[in-house]
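Structural features, examined
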Amino acid sequence: NIDIKSLRHEGKPWISLLIGMPRPQMAKRILEFGSAIGVSRFDFVYTSLTEKSYGASKIYQNRDNYTKYMTRGISQSGIYWDLPEIKVSKSIDWNNCHMISQRFILEKGDFPSFLEEDICFQDPILLAIGPERGWTDKEREKFKEYGFRNINISASILKVENAVLAAISQLELKKIQKK
């Protein structure tokens, strides 16, 4: 009999997301669903392939616009109580990435899955998820330079919001199996 709450660091959010700027409607769902499943920080960043108009959405303009989605997620979670941090940036803060030792970039291709990775669940995790048009080769090289490990979570190309849910669900399953 496994105590799911204890697997989630006694109700402390345990995962950070670095996301290539998604469509505003998708961002709302990511904020709500991510808050419900343990995201401690959302970093929405412009990338080379980001549709530039997405960042101008009202959702990012003031705290009330995005807090309501995170509050919905937290209220559904039953174990998380603090609002995640959120940051919208023109570029990736590579120095901030070094603050988290377990860094993964979700990629489709011949890469390992979370099942094949040695993950310490006492330490925070950072997941980088590209915009709907993906990362450029230059961005991929930069992730590699900063110690991100490639992870394949599906044979399919997933929408950003589905990739968030799939990746965190796979990590939680691995965490349960490790107990």
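Read on for a plain summary of the structure. What you see is a predicted model; the values in this text were computed from it and never measured.

**With respect to the overall build of the chain**
The helix and strand tally for the chain stands at six helices and six strands. Along the chain, helices and strands appear, N-terminal first, in the series α-β-α-β-α-β-α-β-β-α-β-α. Its C-alpha atoms give the chain a radius of gyration of 15 Å, near enough to 16 Å, the size a compact globule of 179 residues would have. Expressed as a percentage of the 179 residues in the chain, the buried residues total 51%. Taking contacts inside the chain between residues at least 6 apart in sequence as the whole, the part at least 24 apart equals 77%.

**Some remarks on the packing of helix H2 (residues 24-36) against helix H3 (residues 63-77)**
Two elements in contact, H2 and H3, have axes whose closest approach is 7 Å; the angle formed by their N-to-C orientations is 30 degrees. Of the two elements, H2 crosses H3, and the hand of that crossing is right-handed. Packed against H2, whose contacting residues are Lys 28, Leu 31, Glu 32, Ser 35 and Ala 36, the element H3 presents Tyr 66, Tyr 69, Met 70, Arg 72, Gly 73, Ile 74 and Ser 77 at the interface. By residue class, the composition of the contact of H2 with H3 is six nonpolar, three polar and three charged.

**Digging into the pattern of salt bridges**
Taken as a whole and judged by the stated rule, the model has nine salt bridges. Here Glu 161 ties to Arg 29 by a salt bridge, and the two come within 2.5 Å at their closest N and O atoms. With Glu 161 in helix H6 (residues 160-178) and Arg 29 in helix H2, this residue pair connects regions lying 132 residues apart in the sequence. For Glu 161, a relative accessible area of 8% puts it in the buried group. For Arg 29, a relative accessible area of 32% corresponds to the partly exposed category.

**Section: the sheet that holds strand E2 (residues 39-45)**
Ordered by their spatial adjacency, six strands build an open sheet running E3-E2-E1-E5-E4-E6, and the pairing between neighbours is parallel. Edge positions in the open sheet fall to strand E3 (85-89) and strand E6 (149-151), since each of these has one partner strand only. The sheet shows a mean angle of 20 degrees between the axes of neighbouring strands, taken without regard to direction. Judged from the five bridges that link them, strand E1 (residues 15-20) and strand E5 (residues 125-129) form a sheet pairing that is parallel. Bridge pairing links Leu 17 to Leu 127 in E5. Lying over the sheet, H2 contacts E1, E2 and E3, oriented at roughly 160 degrees with respect to E2.

Parameters and conventions
- Within every chain, residues take consecutive numbers counted from 1 along the sequence as written.
- pLDDT decides what is reported in this predicted model: residues at 70 or higher carry local features, side-chain atom pairs at 80 or more are listed and counted, and totals for whole chains, interfaces and linings draw on all residues regardless.
- Note: side-chain values were computed over all heavy atoms of the structure, leaving out hydrogens and water.
- Only runs of H or I of at least four residues qualify as helices and only runs of E of at least two qualify as strands under DSSP, and these elements are numbered from the N terminus.
- As a reference, a globule follows 2.2 Å times the number of residues to the power 0.38, and the radius of gyration itself is taken over C-alpha atoms.
- Type-normalised accessible area, obtained with a 1.4 Å probe on protein chains alone, sets the label of each residue: buried when under 20%, exposed when over 50%, and partly exposed for intermediate values.
- Contact criterion: two residues are considered in contact whenever any of their non-hydrogen atoms come within 4.5 Å of each other.
- A fitted line through C-alpha atoms serves as each axis, taken over the contacting stretch for helices, and the angle formed by two N-to-C directions is quoted from 0 to 180°.
- When the near helix sits turned anticlockwise from the far one by under a right angle, the crossing is termed left-handed; a clockwise turn instead gives a right-handed crossing.
- Only Asp, Glu, Lys and Arg are considered charged, only Ala, Val, Leu, Ile, Met, Phe, Trp, Tyr, Cys and Pro nonpolar, and every remaining residue, Gly among them, polar.
- For this analysis, a salt bridge means a side-chain nitrogen from Lys or Arg found within 4 Å of a carboxyl oxygen belonging to Asp or Glu.
- Think of it this way: DSSP has to see at least two bridges between two strands before they count as a pair.

Read these as geometric descriptors, not functional statements.
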